[in-house]
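The primary structure of each chain is shown beneath.
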Amino acid sequence: MLRYFLEKTEHENSSLFRHLAISQYPEYCAMQGKYPVIFLTFKDNKQPTWEKTFDHFRQLIKEECIRHRYLLDSNALAPEEQADFRQLLRGEANHTLCENSLRLLTKWLAAHHKINPLVLVDEY
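Keep in mind the model is a prediction, meaning the values are calculated, not measured.

**Digging into helix α4 (residues 79–90)**
Point 1. Its 12 residues place the ends of α4 16 Å apart at the C-alpha level, agreeing with the 16 Å of an ideal helix rising 1.5 Å per residue.
Point 2. Among the residues of α4, Glu81, Gln82, Phe85, Leu88 and Leu89 are the ones counted as buried. Looking straight down α4, one finds its buried side chains confined to an arc of 120°; they lie on one side. Along α4, the residues that are exposed and aim more than 90 degrees away from the buried face are Pro79 and Glu80.
Point 3. Structurally, α4 contributes buried residues whose contacts are with α3 (50–67) and α5 (95–113).

Rendered as structure tokens:
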């Protein structure tokens, strides 16, 4: 719900919150739809080994990259950064790139949107 409230998207989501209590607080409503959001949930990541857990994390990052695939067309990313983004997008990133993926995705979104993104982590 926080993601839908805060995330900057092409379509407007205010109608989802119109009749909820939050709509009575203008200071919160001013934040609605203003931020790029990275959303990761570890709800289904109950793996028996570290390798499988890491593979699941790699998939979560891939899914977020797919949601933010417009970064491929962004002038805010250098060619080398676009190459790293493509590896994450395809799920082909090595261990080191995966370990740095959340920091990098945050940096790239901030460069593109000119505002720091919000990172929401659920069920860690």
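Structure's up, so let's keep going.
**Things to note about the environment of Lys46**
Point 1. On the secondary structure map, Lys46 appears in the loop between β1 (37–41) and α3.
Point 2. With relative accessibility at 63%, the residue Lys46 sits in the exposed group.
Point 3. Sequence separation between Lys46 and Cys29 is 17 residues; the distance between their C-alpha atoms is 36 Å.

**Looking at the packing of α3 against α5**
Point 1. Between α3 and α5, whose axes approach to 10 Å, the crossing angle comes to 40°. When the axis of α3 is compared with that of α5, the two are oblique. The chirality of how α3 crosses α5 is left-handed. Contacts between α3 and α5 involve Trp50, Phe54, Phe57, Arg58, Ile61 and Glu64 from the former and His95, Cys98, Glu99, Ser101 and Leu105 from the latter.
Point 2. Counted by class, the contact of α3 with α5 contains six nonpolar, two polar and three charged residues.

**Regarding α3**
The periodicity of an α-helix, 3.6 residues per turn, causes residues three or four positions apart to be oriented the same way.
Point 1. In a regular helix each residue adds 1.5 Å, so 18 residues correspond to 26 Å; α3 covers 26 Å between its end C-alpha atoms and thus fits that length.
Point 2. Listing the buried residues of α3 in full gives Phe54, His56, Phe57, Arg58, Leu60, Ile61, Glu64 and Cys65.
Point 3. In this fold, the buried residues of α3 make contact with β1, α4 and α5.

**Observations concerning the pattern of salt bridges**
Point 1. Under the defined criterion, the tally for this structure stands at six salt bridges.
Point 2. In this structure, Glu64 engages Arg67 in a salt bridge whose closest nitrogen and oxygen atoms are separated by 2.9 Å. Taken as a pair, Glu64 and Arg67 lie in helix α3 at a separation of three residues, close to a single helical turn.
Point 3. Residue class for Glu64 comes out buried when judged on its relative accessible area of 4%.

Quick notes on the rules
- Residues numbered from 1 in each chain as written.
- Predicted model: local features only at pLDDT ≥ 70, side-chain atom pairs only at ≥ 80, totals over all residues.
- Heavy atoms only, no water.
- Helix = DSSP H or I, 4+ residues; strand = E, 2+ residues; numbered from the N terminus.
- Expected span 1.5 Å × (residues − 1).
- Buried < 20%, exposed > 50% of the residue type's maximum accessible area, 1.4 Å probe, protein only.
- Arc of directions from axis to C-beta.
- Contact = heavy atoms within 4.5 Å.
- Axes fitted to C-alpha atoms, helices over the stretch in contact; angles between N-to-C directions.
- Parallel < 35°, antiparallel > 145°, perpendicular 65-115°, else oblique.
- Left-handed = near helix turned anticlockwise from the far one by under 90°.
- Nonpolar A, V, L, I, M, F, W, Y, C, P; charged D, E, K, R; others polar.
- Salt bridge = Lys/Arg side-chain N within 4 Å of Asp/Glu carboxyl O.

Don't take any of this as a statement about function, it's just geometry.
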